[in-house]
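Per-entry structural report
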Amino acid sequence: MNLLEMKKKILGLIEEVNPDVETLTDDPDIATKLHDVINQVMFELARFKKLPEYVEIKVNEGDLLRFEDIEAAGGYEVYQIDAVRGVSYEYKAQGTIIKVLESGTAEVEYFRYPERITETTTNDYEFEVSDDVLEIMPYGVAADVLKSDVSNNYGKVYADRYEEMKSRLDSRYNMGMIEFEGGELI
């Protein structure tokens, strides 16, 4: 799904879509904050349904690997380090720094944020989050966009639906594997 499709989904949900204008809405307040709110909700959901990434980094004994070192090697904004293999190491600073205890290649598995959406992001931006996250996002964005509209209770309605859907989000990418040898199915 791209940003244009997401905007249409959100604006259609809150009955503010106007396909005849470039911003897709006649409401300048909504048009102004839509990109920021989409980014905020996307980042929140990316912490629930994490985006896994992997990078190999040549290291020397005594090196300190920080998030920015992993980002430079992998090209993505790091959210959390998941695992390190290939070299001996110790976690420091609440798991945000890796102290390398031997030279070699550090195989770093980590979770990352998606590419940010800013006010200059074009409508052809392709979301990196999973389809189940994309189905929840419009409700979170609608809730945030309408939270200050006290004349109706739509903001709360969408917020309640968003929280319900978010609570059912399955954070797993795989279910593991079960292997049977021999035996008899009864």
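I will try to describe carefully the structure that is included in this document. (Residues numbered from 1 in each chain as written. Predicted model: local features only at pLDDT ≥ 70, side-chain atom pairs only at ≥ 80, totals over all residues. Heavy atoms only, no water.)

On to the packing of aromatic side chains, then. As enumerated under the stated definition, the model contains five aromatic pairs in all. With a centroid separation of 5.2 Å and 90° between ring planes, the pair formed by Tyr125 and Phe127 is classed as edge-to-face. One exposure class covers both Tyr125 and Phe127, and it is buried. Seen from their ring centres, Tyr139 and Tyr158 are 6.3 Å apart, and the 55° between their planes marks the pair as tilted. With a gap of 19 residues between them, Tyr139 in helix H4 (residues 131-146) and Tyr158 in helix H5 (residues 154-167) connect regions that are remote in the sequence. Residue Tyr158 is classed as buried on the basis of its relative accessible area of 12%. Members of the aromatic cluster, joined through ring pairs, are Phe43, Tyr79 and Tyr113. One Lys or Arg, Lys50, reaches over the ring of Phe111 and ends 4.9 Å from the middle of that ring. Positioned above the aromatic ring of Tyr139, the side-chain terminus of Arg161 is 5.8 Å from the ring centre. (Phe/Tyr/Trp six-rings, centres within 6.5 Å; stacked < 30°, edge-to-face > 60°. Buried < 20%, exposed > 50% of the residue type's maximum accessible area, 1.4 Å probe, protein only. Helix = DSSP H or I, 4+ residues; strand = E, 2+ residues; numbered from the N terminus. Lys NZ or Arg CZ within 6 Å of the ring centre and 35° of its normal.)

This paragraph deals with the packing of helix H2 (residues 28-48) against H4. Axis separation between H2 and H4 bottoms out at 9 Å; the angle between their running directions is 130°. If you check the angle between H2 and H4, you find them oblique. Of the two elements, H2 crosses H4, and the hand of that crossing is right-handed. Residues Ile30, Lys33, Leu34, Val37, Ile38, Gln40, Val41, Met42 and Leu45 of H2 form the contact with H4, whose participating residues are Val133, Ile136, Met137, Gly140, Val141, Asp144 and Val145. Partitioned by chemical class, the residues of the contact of H2 with H4 number twelve nonpolar, two polar and two charged. (Axes fitted to C-alpha atoms, helices over the stretch in contact; angles between N-to-C directions. Parallel < 35°, antiparallel > 145°, perpendicular 65-115°, else oblique. Left-handed = near helix turned anticlockwise from the far one by under 90°. Contact = heavy atoms within 4.5 Å. Nonpolar A, V, L, I, M, F, W, Y, C, P; charged D, E, K, R; others polar.)

Along the chain, Lys166 falls in helix H5. Take Lys166: its relative accessible area is 8%, and that puts it in the buried class. Those residues within four positions of Lys166 in sequence are excluded, and the remaining contacts are Glu44, Leu45, Phe48 and Ile136.

Counted under the stated rule, the structure contains 13 salt bridges. Among the salt bridges present, the one from Glu77 reaches Arg116, with a minimum N-O distance of 3.1 Å. Remark: Arg116 occurs in the loop between strand S6 (104-112) and H4 and Glu77 occurs in the loop between helix H3 (67-74) and strand S3 (78-85); sequence separation between them is 39 residues. With a relative accessible area of 42%, Arg116 lands in the partly exposed category. Where Arg168 meets Glu164, a salt bridge forms, and the shortest distance between an N and an O atom there is 3.3 Å. You can call Arg168 exposed: its relative accessible area is 63%. Classification of Glu164 by relative accessible area gives partly exposed; the value is 34%. (Salt bridge = Lys/Arg side-chain N within 4 Å of Asp/Glu carboxyl O.)

Take unusual backbone geometry next. Excluding glycine, most residues fall at negative phi; most peptide bonds, likewise, are trans. Backbone geometry places Glu15, a non-glycine residue, at a positive phi of 55°. As for its position among the elements, Glu15 is in the loop between helix H1 (3-13) and H2. Among the residues examined, Glu15 registers a relative accessible area of 70% and is labelled exposed. The backbone of Leu24 shows a phi angle near 70°, a positive value even though the residue is not glycine. Residue position: Leu24 is located in the loop between H1 and H2.

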